[in-house]
Amino acid sequence: MTVSRTPATQGGNELATLLADGIAQLGLSISAEQQARLLDFQALLAKWNAALQMTSIRDPRQMVVKHLLDSLSILPRLDREPISRVLDVGSGGGLPGVVLAIVRPDWQVTVNDIVHKKTAFLTQARATFKLTNLTVVTGRVESLVVGKEVPAPFDAIVSRAFAELMDFVTLGHKLLAADGSFWAMKGVAAESELALPPGYALVERLPLQVPFLDAERHLLRVKVAA
């Protein structure tokens, strides 16, 4: 998996140009202030990553493409849904959860991870960027209870390379709103990995075009079967 060459300029503005070019290719409307916050978030992730090993990607250019733009690539589809509450399962370094919270301040985003050092980072990101719409929850997703650890079911439950589709749905099903959807971000969507528990159906299998990334990406949508 490689990051292809881009028209971004060299020098101090290279990352900002790369991000802006990618956002334009995705057809998204994201303010200059939000783009600056995304790059600041990336810098914070890189700083913490030196000690916590949250991502194997360390090159700033590759982080823009493989983390920020990859996370943003699901928005053209999610923006078509009536979403107000989002859960990011196995959020790790806040991808895509913190990215979504930065660019969609009207969404209430909850990021969840079992690893305390990762949720410590997510809590720091929430404070650093004053993300009042972001909630951090530590623990196994299957142990979270609506009305206790989380206040209400979620319209969208997302994951990025968290688990097999079967496990993702099985572990999180009690947290999904009645008409909500699971959204799984995957690389190659192999047929052997599309099995689901009874009562659920794969309703969309969408190829994602991540700007400047020469790799296959898919977004899988699962709902309660009609």
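Throughout this document, residue positions are counted from 1 along each chain, in the order its sequence is written. It should be noted that, the model being predicted, local features are given only for residues of pLDDT at least 70 and side-chain atom pairs only at 80 or more, the latter also being counted only at that level, while totals for whole chains, interfaces and linings use all residues. Think of the side-chain values as coming from all heavy atoms in the structure, minus any hydrogens and water.

Asker: Go over the sheet that holds strand E4 (residues 134-138), please, and point to the residues and values.
Answerer: When DSSP locates at least two bridges between a pair of strands, those strands are taken to pair. The way it works is that DSSP assigns letters per residue, a run of H or I at least four long becomes a helix, a run of E at least two long becomes a strand, and they are numbered from the N terminus. As summarised here, the arrangement of the seven strands in space is E4-E3-E2-E5-E6-E9-E7, forming an open sheet in which the pairing is mixed. Each edge of the open sheet is held by one strand with a lone partner, namely E4 and strand E7 (200-207). Across the sheet, the mean angle separating the axes of adjacent strands is 20 degrees when strand polarity is ignored. Here, residues are in contact when the closest pair of their heavy atoms is within 4.5 Å. Comment: axis = line fitted to C-alpha atoms, over the contacting stretch for helices; angle = value between 0 and 180 degrees taken between N-to-C directions. Contacts between helix H3 (residues 60-72) and the sheet are confined to strand E5 (154-160) and strand E6 (176-186), with E5 contributing the most and set at about 150 degrees to the helix. Lying over the sheet, helix H6 (residues 116-128) contacts strand E3 (108-113) and E4, oriented at roughly 165 degrees with respect to E4.

Asker: Just give me the short version of the packing of aromatic side chains, but keep the residues and values in it.
Answerer: Only Phe, Tyr and Trp rings are paired, with Trp represented by its six-membered ring, and only when their centres lie within 6.5 Å; those with planes under 30 degrees apart are stacked, over 60 edge-to-face, the remainder tilted. As enumerated under the stated definition, the model contains six aromatic pairs in all. The structure contains a cluster of three or more aromatic residues connected by ring pairs, namely Phe41, Trp48, Phe121 and Phe129. One cation-aromatic arrangement involves Arg85 over Phe154; the distance from NZ or CZ to the ring centre is 4.6 Å. By definition here, charges over rings are those cases where NZ of Lys or CZ of Arg is within 6 Å of the ring centre and within 35 degrees of the ring normal.

Asker: Any chance you could break down the pattern of salt bridges for me, citing the residues and the numbers?
Answerer: Just to be clear on terms, a salt bridge is a Lys or Arg side-chain nitrogen sitting within 4 Å of an Asp or Glu carboxyl oxygen. This structure, assessed with the given rule, holds 10 salt bridges. Its salt-bridge partner being Asp70, residue Arg160 comes within 2.8 Å of it at the nearest N-O pair. Remark: Asp70 occurs in helix H3 and Arg160 occurs in strand E5; sequence separation between them is 90 residues. The residue Asp179 makes a salt bridge to Lys223 at a minimum N-O spacing of 3.3 Å. Within this pair, whereas Asp179 is found in strand E6, its partner Lys223 is found in strand E9 (residues 218-224), the two being separated by 44 residues in sequence. Relative accessibility decides the category of a residue: with a 1.4 Å probe and only protein chains considered, values under 20% of the type maximum give buried, values over 50% give exposed, and everything between is partly exposed. A relative accessible area of 64% means that Asp179 is categorised as exposed. Because the salt bridges share partners, they merge into one network encompassing Arg77, Glu81, Glu204 and Arg221.

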